[in-house]
Amino acid sequence: MNKEQWQALKTRDPSWDTAFFCGLKRSKTVCKVSCARRVRQVRDVVIFSTVALALEAGYRPCPFCRPDKPQWQGPKAELVRAAKEYMEIHSAEKFSLEIMASALFINGSYLLRTFKAATGHTLLWYHNYVRCEKARELLTHNELSIAAVGDQTGFLSPAHFSRVFKKTLGVTPSEYRAACLKAMDS
Ligand SMILES: [Zn+2]
């Protein structure tokens, strides 16, 4: 979570409602940014870029703000939401603009432009980001080797996994796992 996101959560600013969602670790619920019903503390908050990722991580939608029942935000926001959902489901597959655009019944270059304008990121960046988030979850446990985590989340090779993970999250997979293990020890 960055400063801007925390500021949005503190002020419960509704203009951020489609940008990200607020998970609360202790109650394992996920809220819209604007939800006024629950106390938020920095250490209890975890950010999710979509509700689907929160649900996948075992969070329940807050019964007051219902983040899982999004309001209609217009065709562009709806397209961005559908694109994110598509990439979350298909993150382990090779990224293909052509296949994705035809699955969403939309022109590829329009999809590219709309997504970039709404999120500030390219589709490929988001596709890799979802893979990295899924890998990060697997890396916190010690059951799979780092190579197996990369393989399972769709990376082509350990080198590709390491490069993209570092570029996206700022640390390599092995550095990340070492930090997790250290945190568990202390
Ligand atoms: Zn809520």
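Every value quoted in this text rests on a predicted model; they were computed, and no experiment measured them.

Participant: Any details on the overall build of the protein? Residues and values, ideally.
Facilitator: A count of helices and strands for the protein gives nine helices and four strands. Its helices and strands in sequence order give the protein the pattern α-β-β-β-α-β-α-α-α-α-α-α-α, from N to C terminus. Compactness check: the protein gives a C-alpha radius of gyration of 17 Å against a globular reference of 16 Å for 186 residues, within 12% of the reference. With the C-alpha coordinates of the protein rotated into their principal frame, the extents come out at 45 × 40 × 25 Å. Long-range pairs, those at least 24 residues apart, make up 56% of the contacts in the protein between residues at least 6 apart in sequence.

Participant: Lay out the sheet that holds strand E4 (residues 60-61) with the relevant residues and their values.
Facilitator: Hydrogen bonds along the backbone pair up the strands of a sheet, which may run parallel or antiparallel. A sheet is described by the order of its strands in space; here four strands give the open sequence E3-E1-E2-E4, paired in mixed fashion. In the strand order of this sheet, the two ends are held by strand E3 (45-48) and E4, each with one partner. Sheet topology places strand E2 (residues 29-31) next to E4; two bridges connect them, and they run parallel. Along E4, the bridge assignment pairs Val-30 with Pro-61.

Participant: Could you give an account of the domain arrangement of the protein, with specific residues and numbers?
Facilitator: By the assigned domains, the protein splits into domain 1 (3-61) and domain 2 (75-186). Using only C-alpha atoms to locate each centre, domain 1 and domain 2 end up separated by 20 Å. Counting residues at the interface gives five residues for domain 1, matched by six residues for domain 2. Classifying every residue of the side of domain 1 that touches domain 2 gives three nonpolar, two polar and no charged.

Participant: Explain the packing of helix H6 (residues 123-139) against helix H8 (residues 158-169) residue by residue, including any values.
Facilitator: Where H6 meets H8, the closest approach of the two axes is 10 Å, and the angle between their N-to-C directions is 100°. When the interaxial angle is binned, H6 and H8 end up roughly perpendicular. Contacts between H6 and H8 involve Asn-128, Tyr-129, Cys-132, Ala-135 and Arg-136 from the first element and Val-164, Phe-165, Thr-168 and Leu-169 from the second. Partitioning the contact of H6 with H8 into residue classes produces six nonpolar, two polar and one charged.

Participant: Which residues make up the nonpolar core, and what values go with them?
Facilitator: With 14 residues, the main nonpolar core has Phe-21, Cys-22, Val-30, Cys-31, Ala-54 and Cys-62 as its most contacted residues. When contributions to this core are tallied by element, the ones reaching two or more residues are helix H1 (3-11), strand E1 (21-24), E2 and helix H2 (51-56). It is H2 that provides the largest number of residues to this core, a total of three residues. Cys-62 has contacts with Thr-29, Val-30, Cys-31, Cys-35, Arg-37 and Pro-67, leaving out every residue within four places of it along the chain. Residues Cys-132, Leu-139, Val-149 and Tyr-176 belong to the second largest nonpolar core, which totals nine residues.

Participant: Tell me about helix H3 (residues 75-89), and please be specific about residues and values.
Facilitator: Taking 1.5 Å of rise per residue, 15 residues should cover 21 Å, and H3 covers 21 Å from first to last C-alpha, within 8% of that figure. Listed as buried for H3 are Val-80, Ala-83, Lys-84 and Met-87. End-on, the buried residues of H3 take up no more than an arc of 100°, which puts them together on one face. Opposite the buried face of H3, by more than 90 degrees, sit the exposed residues Pro-75 and Ile-89. Here the buried face of H3 lies against helix H5 (108-119) and H6.

Participant: Give a detailed account of H6, specifying residues and quantitative values.
Facilitator: Its 17 residues give H6 an end-to-end C-alpha distance of 24 Å, which sits within 8% of 24 Å, the value for a rise of 1.5 Å per residue. The complete set of buried residues in H6 reads Leu-123, Tyr-126, His-127, Asn-128, Val-130, Arg-131, Cys-132, Lys-134, Ala-135 and Leu-139. On the buried face of H6, the contacting elements are H3, helix H4 (97-103), H5, helix H7 (146-152), H8 and helix H9 (173-185).

Participant: If you had to explain unusual backbone geometry to someone new, which residues and values would you point to?
Facilitator: Positioned with a positive phi, Lys-28 is a non-glycine residue whose angle comes to about 55°. Structurally, Lys-28 can be placed in the loop between E1 and E2. Looking at Lys-28, the number of C-beta atoms within 10 Å reads 12, which means it is exposed. With a phi angle near 40°, Arg-66 is a residue other than glycine that sits in the positive phi range. Inspection of the secondary structure puts Arg-66 in the loop between E4 and H3. With 14 C-beta atoms packed within 10 Å, Arg-66 lands in the partly exposed category.

Rules used in this analysis
- Residues numbered from 1 in each chain as written.
- Predicted model: local features only at pLDDT ≥ 70, side-chain atom pairs only at ≥ 80, totals over all residues.
- Helix = DSSP H or I, 4+ residues; strand = E, 2+ residues; numbered from the N terminus.
- Rg over C-alpha atoms; globule rule 2.2 N^0.38 Å.
- Contact = placed C-beta atoms within 7 Å.
- Pairing = 2+ DSSP bridges.
- Domains from an automatic or database assignment.
- Nonpolar A, V, L, I, M, F, W, Y, C, P; charged D, E, K, R; others polar.
- Axes fitted to C-alpha atoms, helices over the stretch in contact; angles between N-to-C directions.
- Parallel < 35°, antiparallel > 145°, perpendicular 65-115°, else oblique.
- Core = buried A, V, L, I, M, F, W, Y, C linked by C-beta atoms within 7 Å.
- Buried ≥ 20, exposed ≤ 12 C-beta atoms within 10 Å, placed from the backbone.
- Expected span 1.5 Å × (residues − 1).
- Arc of directions from axis to C-beta.

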